[in-house]
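Given next are the chains, with one letter for each unit.
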Amino acid sequence: TGARGDQGDLAGVRVVVSAGGTREPFDPVRFVGNRSSGRQGVAIAADAVRRGATVTLVAANVDTGLTAGLGATVVPVGSARELAHAVHAAATDADVVVMTAAVADYRPAEVRPDKLKKDEQGDTMTLELVRNPDVLADLVRARRTGQIVVGFAAETEPDRDARIALGRAKITRKPADLLVVNHVGWDAGFEREENAIEVLVPGGEVVRETSGSKADVATAVLDLVATALT
Ligand code: CTP
Ligand code: CA
């Protein structure tokens, strides 16, 4: 292995990346979703391919225009449970798993076979939600020796130190090898090219802090992954 971001420094490494945002249906035409575009995950997959890795991208509702010509195996999924199934299947023989996907924490308790009608609801409507499996937590629990698992924590907290404190709590709960704390909000993080991150390790130390394009963030994260693999 050579300098940072070297072409070939992930040669032969099997990388799984999840990207996008899950959609949790409650009838044939409607879902509960989030604003994740999948751009950060696609950037990580692209940089991993450039560095020689064999890459599987589990893409939750990612525009096919973003994944065309990527050089990765793309597995399209819709819901959190579909994503969980695809990620766990791909992870069994992966060296690295990077969870950039915005996985819905909850899904509608009931999925109607037909379109929900207003007449049944009146002026207000209540949707009951139940917890989804936590894919990252399950990956960390099932991690083989030498396998690297990376989480991404989307936080709206604008204050850096408070955001890092939230990240520390998260990596304590789910001890991934790296946790990339990502500032999101109405105007930050989603559907945009620029991204700001702080990367934590178990124990809570900040090992990298950067902002830039999603490609820059991808390179920074994979530099840390490459170091962790050696
Ligand atoms: N994640 C996951 N499965 C879920 C929820 C989250 O695998 N059901 C993963 C995400 O892909 C991400 C990491 O967990 O890599 C952190 O996600 P985030 O939403 O920031 O944290 P949560 O643990 O869900 O906590 P909260 O949303 O309450 O802040
Ligand atoms: Ca969450």
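Reference entry: report on the structure contained in this document.

The rules behind the values
- Residues numbered from 1 in each chain as written.
- Chains lettered and ligands numbered in written order.
- Predicted model: local features only at pLDDT ≥ 70, side-chain atom pairs only at ≥ 80, totals over all residues.
- Heavy atoms only, no water.
- Helix = DSSP H or I, 4+ residues; strand = E, 2+ residues; numbered from the N terminus.
- Buried < 20%, exposed > 50% of the residue type's maximum accessible area, 1.4 Å probe, protein only.
- Lys, Arg positive; Asp, Glu negative; His and termini not counted.
- Charge placed at Lys NZ, Arg CZ, Asp CG, Glu CD.
- Pairing = 2+ DSSP bridges.
- Axes fitted to C-alpha atoms, helices over the stretch in contact; angles between N-to-C directions.
- Contact = heavy atoms within 4.5 Å.
- Donors = N, O, S within 2.8 Å, 3.2 Å for Na, K, Ca; no water.
- Near = heavy atom within 4 Å.
- Polar contact = N/O pair within 3.5 Å; in protein donor to acceptor, adjacent residues only side chain to side chain.
- 1 Å grid on protein atoms, 1.4 Å probe; cavity = no way out; pocket = protein on both sides within 12 Å on 5 of 7 lines; lining within 4 Å.
- Sits in = over half its atoms within 2 Å of the grid points.
- Nonpolar A, V, L, I, M, F, W, Y, C, P; charged D, E, K, R; others polar.

Within the protein, the secondary structure is distributed over six helices and twelve strands. Seen through its principal axes, the protein has C-alpha atoms that stretch 65 × 40 × 35 Å. Scored against the burial criterion, the 230 residues of the protein give a buried share of 46%. In the protein, which carries 27 positive and 32 negative side-chain charges, the distance between the mean positions of the two groups comes to 2 Å.

With mixed pairing, eight strands are arranged side by side in an open sheet as β5-β4-β1-β6-β9-β10-β11-β12. Single-partner strands in this sheet number two, and they are β5 (73-77) and β12 (206-213). Each neighbouring strand pair of the sheet contributes to a mean axis angle of 15°, computed without reference to strand direction. Inspection of the sheet shows strand β11 (residues 194-200) paired to β12 by seven bridges, in the antiparallel sense. Across the sheet, the residue bridging to V199 is R208, located in β12. Here helix α4 (residues 135-142) sits on the sheet in contact with β6 (96-99) and β9 (148-155), set at roughly 155° to β9. Across the face of the sheet, helix α6 (residues 214-229) comes into contact with β6, β9, β10 (178-183), β11 and β12 while running at roughly 150° to β12.

Looking now at the coordination of the calcium ion (ligand 2). Coordination of the calcium ion (ligand 2) by the protein comes from D105 (OD) and D105 (OD), over a distance range of 2.4 to 2.6 Å. Within the secondary structure, D105 sits in the loop between β6 and β7 (106-108).

With respect to spatial proximity, 16 residues lie near ligand 1, and among them M99, A101, L136, K170 and K174 are the closest. Contacts to ligand 1 include A101, whose backbone N or O atom sits 2.8 Å from an oxygen atom. A distance of 3.1 Å separates an oxygen atom of ligand 1 from a polar atom in the side chain of D105. Cavity membership is defined here by more than half of the atoms lying within 2 Å of grid points; on that basis ligand 1 lies in the largest pocket. At four residues, the largest contribution of residues to the shell around ligand 1 is made by β9. When its residues are assigned to classes, the shell around ligand 1 shows ten nonpolar, one polar and five charged.

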